[in-house]
Amino acid sequence: MATKRSLLAVKTFEQIIVTSEAGEHQLKRALGPWNLVGLGIGAIIGAGLFSLTGIAAAENAGPAIVLSFLVAAIGCALAGMCYSELASMIPVSGSAYTYAHATLGELVAWIIGWSLVLEYALGAATVSVSWSSYVVDLFHSFGVALPAKIPLGTLDLAGTSIGPLSLDVGAILIIVAVSLVLMRGITESAWLNTVIVIVKVSIVLAVIAVGVFYIEPANYVPFIPPNTGNFGEFGVSGIFRAAGVIFFAYIGFDAVSTASQEARNPQRDMPVGILGSLVVCTVLYVAFALILTGMVNYRDMQGDAHPVATAINLTPFPVLQVLVKVGIIGGFTSVMLVMLLGQSRVFRAMSADGLLPAIFGEIHPKWRTPWRSNLILMVFVSLFSGFLPISTLGHMTSIGTLLAFVIVCIGVMVLRRTRPDLPRPYRTPLVPLVPILGIVVCLAMMVSLDKATWYRLVIWIVIGFAVYFGYSRRRAGVTG
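Structure report, in brief. All values derive from a computational prediction rather than experimental measurement.

A word on the overall build of the protein. The number of helices and strands found in the protein is 17 helices and two strands. With 480 residues in all, the protein has 59% of them scored as buried. For the protein, long-range pairs separated by at least 24 residues make up 82% of all intrachain contacts whose partners lie at least 6 apart in sequence.

See the structure below:
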């Protein structure tokens, strides 16, 4: 039995390094700076860009969705600089969970680790459902009819009808396929991700290059639609509400930090991977949003989960229409790959601290990956993917990630005071100004999200507390 420890017990850097290097088998250090940039782009360009852009424009910001992307990018850049400092100092897997454990203590680390489940595992489930729908649509383009979902009847609980139950086979298959690739090895996973990233960035550039000729200037008027009288519905508040919504599109650059222990030179390469992927994606996002709202009036994108397909169908290029769908499918695939990779690495770090069962930290002797963790995630995430029509997880994913970003920014300031002696290969500029601004911008986006999202976050954290005090608290420090 582990000895009782403070809820705010902090792990020293020396303890973190020793824990990460414990065990018979270690993660394989095979990733260079371009692999890390590719992982970041792979996680960032996906469902947020291809699905949420049009919906946020229609419901919150109008053509000013471009400004929303910039607001979200500023928040990410500020947090990204803080991530880079900590990632270069603590070159182990675990991301924000590990950073919180080193700065703010065990309980805060648990909250962050628990919140990251929303970002990675359930985020991957949400993306898999979109992946499946696009695959069905692609096959329809070739005259092949595939069922979107297989109906299984009506679900009744205690005599109450919950609604029709259906099985999304495509969503399950892609989660299984991606998980198997991740179990096989980080080198193979990074290679597949790089290929997909090249394809989907090419598609995004093609849409921008072609779409610029089909812009209707009238669609930009008014650029910032007047507020309807309700907070978050257009006007300035709408820009911030949209920034919080489409923040889902930016999450992923932090997934780069979960691969620290698999980078060849993490002190040098982690800042390149984190900030490099963020810069590339911000430029693409702003250009893409500008083209999209110029081609399609924001009012016409109300409830449209496929705004890119809607826009590209306005062009007389059927081949491009097919290629765009292929690029989007590839985009979803790489997002799932990086999300599931990130989740398994966070679980491994939590397992090493005894907060989760040891099975989550076991490394395959040949593949040198946390394969059992990937296997368990494959089962549970595929179940969510196959049976649940997850429509609100975009907001949930965003608020959970924003919370992690706030704590990372706080962590940088805390470490500057408590451990000023530690070497910092990358130093966040203008501390404490940059971390404070990062906290303010991220909190502003969190506050702009609707009440229902906050309620769900509170419920999720309460469940996390039950797990922590029921199991993890008693096992903390036990790794066997």
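From this point, the narrative continues.
In this section: the packing of aromatic side chains. All told, the structure shown has nine aromatic pairs when counted by the stated rule. Arranged with centres 5.7 Å apart and planes meeting at 20 degrees, the rings of Trp110 and Trp114 form a pair that is stacked. Taken together, the positions of Trp110 and Trp114, both in helix α6 (residues 106-119) and four residues apart, correspond to about one turn of that helix. According to the relative accessible area criterion, Trp110 is buried, its value standing at 1%.

A word on the side chain of Ser448. When you line up the elements, Ser448 lands in helix α16 (residues 433-448). Exposure remark for Ser448: the relative accessible area of 2% places this residue in the buried category. If sequence neighbours within four positions are ignored, Ser448 has contacts with Phe231, Phe240, Arg241 and Gly244.

Before going further, it helps to examine the environment of Ala79. Within the element layout of this structure, Ala79 appears in helix α4 (residues 65-89). With 349 residues separating them in the primary sequence, Ala79 and Thr428 have C-alpha atoms 9.7 Å apart. With residues up to four places along the chain from it excluded, the contact list for Ala79 reads Phe405 and Cys409.

Moving on, we come to the nonpolar core. Ranked by internal contacts, the top residues of the largest apolar core, which has 141 residues, are Ile45, Phe50, Ile65, Phe69 and Tyr83. A total of 16 residues in this core trace back to one element, the largest contributor, which is helix α13 (residues 318-352).

Evaluated as defined, the whole model comprises four salt bridges. One salt bridge in this structure joins Arg424 and Glu85, with 3.0 Å as the shortest N-O distance. Of this pair, Arg424 sits in the loop between α15 (393-418) and α16 while Glu85 sits in helix α4, and the two are 339 residues apart along the sequence. With a relative accessible area of 9%, Arg424 lands in the buried category. Through salt bridges with shared partners, a single network forms among Glu85, Arg416 and Arg424.

Here the focus is α4. The terminal C-alpha atoms of α4, which comprises 25 residues, lie 36 Å apart, in line with the 36 Å expected from a rise of 1.5 Å per residue. Burial within α4 is extensive, with 21 of its 25 residues counted as buried.

Calculation criteria
- Residues numbered from 1 in each chain as written.
- Predicted model: local features only at pLDDT ≥ 70, side-chain atom pairs only at ≥ 80, totals over all residues.
- Heavy atoms only, no water.
- Helix = DSSP H or I, 4+ residues; strand = E, 2+ residues; numbered from the N terminus.
- Buried < 20%, exposed > 50% of the residue type's maximum accessible area, 1.4 Å probe, protein only.
- Contact = heavy atoms within 4.5 Å.
- Phe/Tyr/Trp six-rings, centres within 6.5 Å; stacked < 30°, edge-to-face > 60°.
- Core = buried A, V, L, I, M, F, W, Y, C linked by side-chain atoms within 4.5 Å.
- Salt bridge = Lys/Arg side-chain N within 4 Å of Asp/Glu carboxyl O.
- Expected span 1.5 Å × (residues − 1).

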